[in-house]
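Each chain, written out:
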Amino acid sequence: MATVSRVRVEGLAGQKKIIDVSLNPGVNVFYGANGSGKTSFLKLLDRGIRASVEGLHRVRFNVATLELKAGLPGRSKSLTRTIDRTPLQDPALMRKYRRAILDRQEHLLRVSDVTDDFSPSLFDESVIAPAVLEWTTVPKGKESERSLGVRYLPTSRITGHQGSYPRVRNRGGPVEILDEAQYDQMFAETIQGIWERYSRRELVRVREIQQEGIAAILNSVIARSQDGHLKTTYELSSREAYDLVHRFFLSQNIKMKANLKQFTSSYERENVLRGVVEEIIDVEEKIVEAQRPSRKIESIVDELFLGRKHLDLASRQVSIESSGHGNIPLELLSSGEKQLILILLETAVAEKNAIIIDEPELSMHVDWQRKLVDAMRTVNPDAQIIIATHSPEILADLRPSEIFEL
């Protein structure tokens with residue numbers, strides 16, 4: 001678990017005012033005019049949680065401090081991470097970093113002796129930043145200073161690099177700029193990859209529940225064989241109980257030998273078998289709970305698609321069915337439809353961590369924008385949602401305490 005409880009930034013986007021905000025554990029939406037630093041603000045949050053300086057030499061700020069909650073629920077601890085960009089604005093102070101610069105950029109000098117005559121390129125921020133910038137964490141310690149969990153969706157998820165389609169370097173060949181069809185395919189593969197990772201995690205949890213259930217069933221058999229007493233919580237007919245047990249056996253790839261008549265005879269006169277049925281019911285309820293996020297995503301997407309298309313997450317593959325048209329490849333969905341599915345899947349993957357999204361409204365219908373935050377909370381009520389937006393529709397139904405101006 002990793003969430004942001006407070007953030008303080010000096011000089012964001014060249015502003016004189018200091019940004020100092022205490023964040024909610026739930027929803028936090030930031031808005032402001034173009035140039036107010038929304039994207040820079042989100043990038044600082046993401047890099048601070050990860051303890052990374054990647055790309056921060058291009059972000060305009062002086063000092064940023066993040067107060068974080070990290071760890072397991074009920075056992076979280078507070079961390080404070082600070083990064084100071086002011087050395088990049090002082091060439092005299094940067095001279096003390098020359099050794100680190102040379103160690104990182106040996107290919108620029110090709111010399112063994114260091115002199116005070118530096119090439120101007122050595123003062124380019126992209127070269128100096130890795131040596132100068134670093135996040136410092138309090139309290140110190142290897143565990144405290146590691147990268148923490150976060151999901152970050154920048155605007156480039158839509159448009160690729162600088163408004164064009166993304167560039168891919170072919171192995172051993174030149175850089176290729178993807179065309180629209182290739183980009184659509186890449187985006188679809190991204191959605192598929194996210195779902196495959198999540199579904200594997202979901203499957204592992206289901207298997208754990210089933211294994212725990214088998215142990216509970218054995219314990220139930222032993223205990224009830226000894227005392228013979230049973231407190232019935234569920235009232236099932238013998239047919240319902242038989243179908244339940246048969247389904248559980250199939251999930252374990254075991255063939256059930258007893259037929260309905262044999263099962264009914266035992267079920268009506270033996271407390272032991274009734275106890276087994278009760279344990280299996282508990283297992284199935286836990287499995288339903290484990291699969292609840294993916295079922296919620298299906299339900300929300302189907303509702304927003306107005307019944308014209310159905311999202312199926314029942315297997316390892318994301319499937320879209322259209323009435324009268326059969327299966328629709330993901331890459332043929334509209335950009336707004338793909339964005340909706342991507343954001344909801346990323347929200348589920350976030351678990352109890354922060355999910356940070358820059359302009360989620362891009363390509364999305366205004367009705368979807370209004371419902372988006374509530375949909376994200378429905379899919380994952382435990383995630384901390386941090387959004388930067390221009391959309392009044394996203395802001396419309398939020399509480400004043402959930403909205404912040406930059």
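Keep in mind the model is a prediction, meaning the values are calculated, not measured.

A.B. asks: Just to check I follow, could you spell out the environment of Asp-358 for this structure?
C.D. replies: With respect to the element layout, Asp-358 can be found in strand E13 (residues 354-358). Not counting the four nearest positions on each side in its chain, Asp-358 is found in contact with Thr-39, Leu-42, Leu-153, Pro-154, Thr-155, Arg-157 and Ala-388. For Asp-358, the side chain forms a polar contact with the side chain of Thr-39, separated by 2.6 Å.

A.B. asks: For this particular structure, what's the right way to read the pattern of salt bridges?
C.D. replies: Any two side chains of opposite charge can pair, on the condition that their charged atoms come close. Evaluated as defined, the whole model comprises 20 salt bridges. Asp-184 is the salt-bridge partner of Lys-338, the closest N and O atoms lying 3.9 Å from each other. Of the two residues, Lys-338 is situated in helix H12 (residues 335-349) and Asp-184 in helix H7 (residues 180-227); the sequence distance between them amounts to 154 residues. Classification of Lys-338 by relative accessible area gives buried; the value is 5%. Close ionic contact of Arg-370 with Glu-393 constitutes a salt bridge, the shortest N to O distance being 3.1 Å. Linking Arg-370 in helix H13 (residues 366-379) with Glu-393 in helix H14 (residues 392-396), this pair joins segments that are 23 residues apart in sequence. Overall, Glu-393 belongs to the partly exposed group, its relative accessible area being 23%.

A.B. asks: Would you take a moment to explain the environment of Lys-352 for this structure?
C.D. replies: Summarising the element assignment, Lys-352 is placed in the loop between H12 and E13. Between the C-alpha atom of Lys-352 and that of Asn-380, which follows or precedes it by 28 residues, the distance is 8.3 Å. A distance of 3.3 Å separates polar atoms of two side chains, one belonging to Lys-352 and the other to Asp-382.

A.B. asks: Please clarify how the sheet that holds strand E5 (residues 77-84) should be interpreted in this entry.
C.D. replies: Here we have five strands laid out as an open sheet, ordered E2-E1-E4-E5-E6, and antiparallel in their pairing. Two strands in the sheet have a free side with no partner beyond their single neighbour: strand E2 (19-22) and strand E6 (136-138). The average undirected angle you get between the axes of adjacent strands in this sheet is 20°. Summarising the sheet, strand E1 (residues 2-10) and E2 pair through four bridges and their orientation is antiparallel. Paired with Arg-6 across the strands is Ser-22, a residue of E2.

What counts, and where the lines are drawn
- Residues numbered from 1 in each chain as written.
- Predicted model: local features only at pLDDT ≥ 70, side-chain atom pairs only at ≥ 80, totals over all residues.
- Heavy atoms only, no water.
- Helix = DSSP H or I, 4+ residues; strand = E, 2+ residues; numbered from the N terminus.
- Contact = heavy atoms within 4.5 Å.
- Polar contact = N/O pair within 3.5 Å; in protein donor to acceptor, adjacent residues only side chain to side chain.
- Salt bridge = Lys/Arg side-chain N within 4 Å of Asp/Glu carboxyl O.
- Buried < 20%, exposed > 50% of the residue type's maximum accessible area, 1.4 Å probe, protein only.
- Pairing = 2+ DSSP bridges.
- Axes fitted to C-alpha atoms, helices over the stretch in contact; angles between N-to-C directions.

In short, shape yes, function no, at least from these values alone.
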